[in-house]
Amino acid sequence: MANHGKLQTILILCALVLGVAVGEWIFRSQGALPVESGWIFTGNLLLLRPLQMILIPLVVVAVMHGIASIGDPKQLGKLGLLVAGFYLGCMLCAATLGTVLVETIRPGDGLSPELSAQLLATGEGAYQSDATRLATLTANESTGITGAFKGILQQLLPKSPLGEAAAGNTIGVIVFSIFLGLGLAAGGERTARAREVIDGLFQAMLCVIQWILWMMPIGLFCFLVGIVGRVGLGSVAGPVGAYMLTVLLGLAIHGFLILPLLACFFARTNGWSFMWSVRKALFTGFATSSSNATLPVTVRECTGPGGCSPRATNFVIPLGATLNLDGTALYEAVAALFLFQLCGVDLTTSDLVIAVLTATLAAIGAAGIPSAGLVTLVIVVAAVNTSLEGRGVEKIPVSAIGIIIGVDRLLDMARTTINVWGDCVGAKIVTRLLPRET
Ligand code: ASP
C-alpha cells in the first residue's frame with residue numbers, strides 16, 4: 001500500500017512537470033490550443049467523468065454513514081453550527097487577506113489611460129464572445145446576492161432528491177441524506193442491517209476511488225497540456241500577470257500558513273505533515289478545478305492517510321465541498337478590486353468591506369465546479385458598483401471581467417486546491433472535537 005502511494009506521488013509529480021513543459025512547447029511551436037482541445041477532452045474522460053460518476057452515490061452513502069454514526073440530533077446541531085462558524089470564519093479571513101494584498105500590491109495601478117481603455121475593450125470582446133458563460137453572468141448580475149441565496153434556500157429543501165441528484169445539485173442530496181441518516185440512527189435495532197449495508201457500500205466506494213486515482217497522473221498531464229497550451233506561461237506578464245501573482249501569493253499564504261496553523265491550533269496536529277498526507281486530494285483538486293468532483297478522493301484521503309474519523313469526514317467534507325470555498329473567496333476579492341484599480345476608481349474603506357463580505361457570500365453561493373467563482377464574481381463587482389453609485393461615482397462595466405477570463409482556468413486550479421485543503425482541515429478539527437466512537 002505504502003509503495004503504491006509513493007509510486008502515485010512520483011507519477012503525479014512527473015505529470016505536473018511534463019504537462020507544463022509539453023503545454024508550453026505546444027503553445028510556442030503551434031500557437032494557442034482551442035478551449036475544448038483533445039487534451040481537455042481526454043482529461044475529462046479519464047479523470048473528471050469517473051469522479052463525477054461516483055460523486056452523487058458517494059455523497060448519499062457517506063453522509064448517511066456519517067450522520068448515522070453521530071446519531072444524536074442535538075450533537076449534530078451543535079456540530080453543524082460549529083462547522084458553519086469555522087467555514088464562515090475561514091472564508092472571511094481569506095477574503096480579507098485577498099483585499100489587503102490587492103490593496104497593498106495594487107496590480108491594476110499605473111496604467112496609462114490608453115492602455116487601460118485597450119484592456120477594457122479586449123475584456124468586453126472576451127466577455128461578449130464567451131457564449132457559455134454569458135447567460136449565467138448576466139443572470140447573476142441581475143439577480144445579485146439575494147437571487148443567489150434564494151437559489152441556495154430552494155436547494156436546501158429539495159422537492160425531489162432524485163431531481164437534485166440528476167441535476168448534480170449536491171446541497172439537496174446532502175440534506176436528504178442527513179434526514180435519512182438520522183432516521184437510520186433513530187431506528188435502533190430495526191435499522192441495524194441497513195446501517196451495515198451502508199457501511200459496506202461506503203467501503204466499496206473507497207476501493208473504486210482508489211482505482212480512479214490511478215488515472216490521476218494521466219488526467220493531470222492532459223489538463224495541464226490543454227490549459228498551458230491555451231494560455232501559455234507568458235500570460236504571467238503585465239498587469240494581468242501581476243494580478244495572477246497577487247492571487248497566487250494570497251492562496252499560498254492561506255494554504256501554507258493560515259490553514260496549517262489552524263490545524264496545529266485546533267486539531268493539535270502538525271498541519272504541514274497533514275497537508276502532505278492528503279496530497280492526492282489536493283492534486284486532484286488542482287487537476288480537475290472542481291471541489292465537487294474531488295470530493296470522493298478527499299473523503300478517501302482524509303479517512304485513510306489523513307487519519308480523520310469517517311464520521312467527521314463524512315459530515316464535514318460533503319458540506320465543505322459545496323459551501324466552504326476559501327480559495328474562491330480570496331480570489332473574488334482580489335479579482336473584483338483589481339478590475340476597479342484598472343478602471344482608475346478609488347475605493348473607500350466601506351467599499352472594501354462590501355467587497356470582503358460579498359466575496360465571502362459569493363463564494364458560499366458558488367458551486368464546487370470549474371469557473372463557478374468567475375461567474376459569481378459579477379455579484380461582487382455589482383455590489384461595489386451599487387456603493388459607488390450611491391456616492392455619485394461612475395461605476396465600472398461588468399464586462400471588465402472579460403480581461404481575466406482568459407487566465408481564469410489556471411487560477412481556478414490553484415484556488416480549488418485551497419478550497420479542498422480548507423475542507424480537509426475542517427475534517428481534521430472536527431475529528432478531534434467529536435467524542436470518540438464507542
Ligand atoms: N472551481 C472551484 C471549486 O470547485 C470554484 C471556483 O470556480 O472558484 O472549488
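Rules used in this analysis
Residues numbered from 1 in each chain as written. Predicted model: local features only at pLDDT ≥ 70, side-chain atom pairs only at ≥ 80, totals over all residues. Heavy atoms only, no water. Helix = DSSP H or I, 4+ residues; strand = E, 2+ residues; numbered from the N terminus. Rg over C-alpha atoms; globule rule 2.2 N^0.38 Å. Contact = heavy atoms within 4.5 Å. Areas by Shrake-Rupley, 256 points an atom, 1.4 Å probe, with all protein chains shown as cover. Lys, Arg positive; Asp, Glu negative; His and termini not counted. Charge placed at Lys NZ, Arg CZ, Asp CG, Glu CD. 1 Å grid on protein atoms, 1.4 Å probe; cavity = no way out; pocket = protein on both sides within 12 Å on 5 of 7 lines; lining within 4 Å. Points joined across faces, edges and corners; volume = space filled by probe spheres on them. Nonpolar A, V, L, I, M, F, W, Y, C, P; charged D, E, K, R; others polar. Buried < 20%, exposed > 50% of the residue type's maximum accessible area, 1.4 Å probe, protein only. Disulfide = S-S within 2.5 Å. Salt bridge = Lys/Arg side-chain N within 4 Å of Asp/Glu carboxyl O. Near = heavy atom within 4 Å. Polar contact = N/O pair within 3.5 Å; in protein donor to acceptor, adjacent residues only side chain to side chain. Patch = residues over 30% accessible without salt bridge, like charges linked within 9 Å, V, L, I, M, F, W, Y side chains within 5 Å.

Peer 1: Give a description of the overall build of the protein chain that names residues and reports values.
Peer 2: In terms of regular secondary structure, the protein chain is built from 19 helices and zero strands. Scaling as 2.2 N^0.38, a compact globule of 438 residues should have a C-alpha radius of gyration of about 22 Å, and the protein chain matches this with 22 Å. Taken over the C-alpha atoms alone, the protein chain extends approximately 75 × 50 × 40 Å along its principal axes. Excluding contacts between residues fewer than 6 apart, the proportion of contacts in the protein chain whose partners are at least 24 apart in sequence is 85%. Within the structure as shown, the protein chain displays about 18,200 Å² of accessible surface, and the carbon and sulfur contribution to it stands at 68%. Taking the average location of the 25 positive side-chain charges in the protein chain and that of its 24 negative ones, the two points are 12 Å from each other.

Peer 1: I'd love a proper account of empty space enclosed by the protein, names of residues and values included.
Peer 2: This model, assessed by the stated rule, comprises one cavity of 30 Å³ or more. If you add up the space inside the largest cavity, you get close to 60 Å³. Looking at the largest cavity, it is lined by 15 residues, and the ones nearest its centre are Thr328, Ala367, Ile369, Thr416 and Asn419. Considering each element in turn, the lining of the largest cavity owes the most residues, four residues, to helix H19 (residues 408-433). Here the residues of the lining of the largest cavity sort into five nonpolar, eight polar and two charged.

Peer 1: Mind laying out unusual backbone geometry, listing which residues take part and the relevant values?
Peer 2: Even without a glycine there, the phi angle at Arg106 is positive, about 50°. Relative to the helices and strands, Arg106 is located in the loop between helix H3 (73-105) and helix H4 (113-129). A relative accessible area of 24% places Arg106 in the partly exposed class.

Peer 1: So what's going on with the state of the cysteines? Residues and values would help.
Peer 2: Scanning the model with the defined rule gives zero disulfides in all. The closest cysteine sulfur to the non-disulfide-bonded Cys207 is located on Cys302, 17 Å from its own sulfur. On the accessibility criterion, Cys207 (41% relative accessible area) is partly exposed.

Peer 1: Quick one: what's the story with the pattern of salt bridges, residue by residue and with numbers?
Peer 2: Tallied over the entire structure, the rule returns eight salt bridges. A salt bridge links Glu24 to Arg28; its shortest N-O distance comes to 2.6 Å. Of this pair, Glu24 and Arg28 both sit in helix H1 (residues 2-30), four residues apart, which is roughly one turn of the helix. The class for Arg28 is exposed, based on a relative accessible area of 67%. We note a salt bridge from Asp351 to Arg391, for which the minimum N-O separation is 3.0 Å. A residue pair is termed long-range when its members are at least 10 positions apart, and Asp351 in helix H16 (residues 349-365) and Arg391 in the loop between helix H17 (372-390) and helix H18 (402-405) qualify at 40 residues.

Peer 1: Can you explain the site of the ligand? Please cite residues and give values.
Peer 2: Ser291, Thr328, Gly373, Asp412 and Arg415 are the nearest of the 16 residues found near the ligand. With respect to the ligand, the backbone of Ser289 contributes an N or O atom lying 2.9 Å from a nitrogen atom. Ala372 is positioned such that a nitrogen or oxygen atom in its backbone is 3.0 Å from an oxygen atom of the ligand. Relative to its unbound accessible area of 270 Å², the ligand is 100% covered by the protein chains. Those elements that provide at least two residues to the shell around the ligand are H17 and H19. In terms of residue count, H19 provides more of the shell around the ligand than any other element does, four residues in total. When grouped by side-chain class, the residues that make up the shell around the ligand number five nonpolar, nine polar and two charged.

Peer 1: Could you give an account of a nonpolar patch on the surface, naming the residues involved and the relevant values?
Peer 2: Side chains of Phe256, Leu257, Leu261 and Trp272 sit close together on the surface and give an oily, nonpolar patch of about 400 Å² of accessible area. By residue number, the principal contributor to the nonpolar patch is helix H10 (residues 238-267), which donates three residues. Looking at the secondary structure, you find Trp272 in helix H11 (residues 271-277).

Peer 1: Now, about the layout of surface pockets: what can you tell me, with residues and values included?
Peer 2: In this structure, the second largest pocket encloses a volume near 600 Å³. In this structure, the second largest pocket is lined by 24 residues; those nearest its centre are Gly80, Ala84, Leu156, Leu319 and Leu323. Elements with a minimum of two residues in the lining of the second largest pocket: H3, helix H5 (131-156), helix H7 (170-186) and helix H14 (310-323). For the lining of the second largest pocket, the leading source of residues is H3, giving nine residues. Classifying every residue of the lining of the second largest pocket gives 21 nonpolar, three polar and no charged.

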